[in-house]
Amino acid sequence: SAPAAAAAVLLARCAMARAGAWSSSHVLRVATECAGVVGFVEVGATTSLAEVRTKIRAEVEGAPGLGAGARFVFLLPGATPVSRKQEPHLLASDFIPIICLREL
């Protein structure tokens, strides 16, 4: 029908417009061991895990254990914890599409 075709065209145009603004290579999903994926943050090529920690606290709301005073560690593949001293030296883009956290 004509309305369905018009809706499909509109959706396609919106998707094309968003494609330039959002790239999956810039989105880092945030997951906790207990709750699974709880949100996402936008990262760039030089964003460190230390910066991601700040972004999570500011941008991911309602996540279990991720409030302002929350304590957590990032996990490498294989569930190896990353120390706070290592965070400024590790690039968030290396963890795309998802970073896992362990609540402390």
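Here's what I pulled together on the structure shown here. (Residues numbered from 1 in each chain as written. Predicted model: local features only at pLDDT ≥ 70, side-chain atom pairs only at ≥ 80, totals over all residues. Heavy atoms only, no water.)

Right, let's talk about the state of the cysteines for a bit. Here, the word disulfide means a covalent bond between the sulfur atoms of two cysteines. This structure, assessed with the given rule, holds zero disulfides. We note that Cys-34 lacks a disulfide partner, and the nearest cysteine sulfur, in Cys-100, lies 9.3 Å from it. (Disulfide = S-S within 2.5 Å.)

What follows is about unusual backbone geometry. Trans peptide bonds make up the majority, and among non-glycine residues the majority have a negative phi. In this structure, Pro-97 follows Ile-96 across a cis peptide bond, with omega equal to 20°. Relative to the elements of secondary structure, Pro-97 occurs in the loop between β4 (80–81) and β5 (98–103). Of note in the backbone geometry, Ala-79 takes a positive phi value of approximately 65° without being a glycine. Considering the arrangement of structural elements, one finds Ala-79 in the loop between β3 (72–76) and β4. Residue classification places Ala-79 among the partly exposed residues on the basis of a relative accessible area of 36%. (Helix = DSSP H or I, 4+ residues; strand = E, 2+ residues; numbered from the N terminus. Buried < 20%, exposed > 50% of the residue type's maximum accessible area, 1.4 Å probe, protein only.)

Looking now at helix α2 (residues 49–59). When we look at burial in α2, the residues that qualify are Leu-49, Val-52, Arg-53 and Ile-56. Each buried residue of α2 lies within a common arc of 105° when the element is viewed along its axis, so the set occupies one face. Exposed side chains of α2 directed beyond 90 degrees from the buried face belong to Thr-54 and Ala-58. Contact partners of the buried residues in α2: β1 (27–32), β2 (36–42), β3 and β5. (Arc of directions from axis to C-beta. Contact = heavy atoms within 4.5 Å.)

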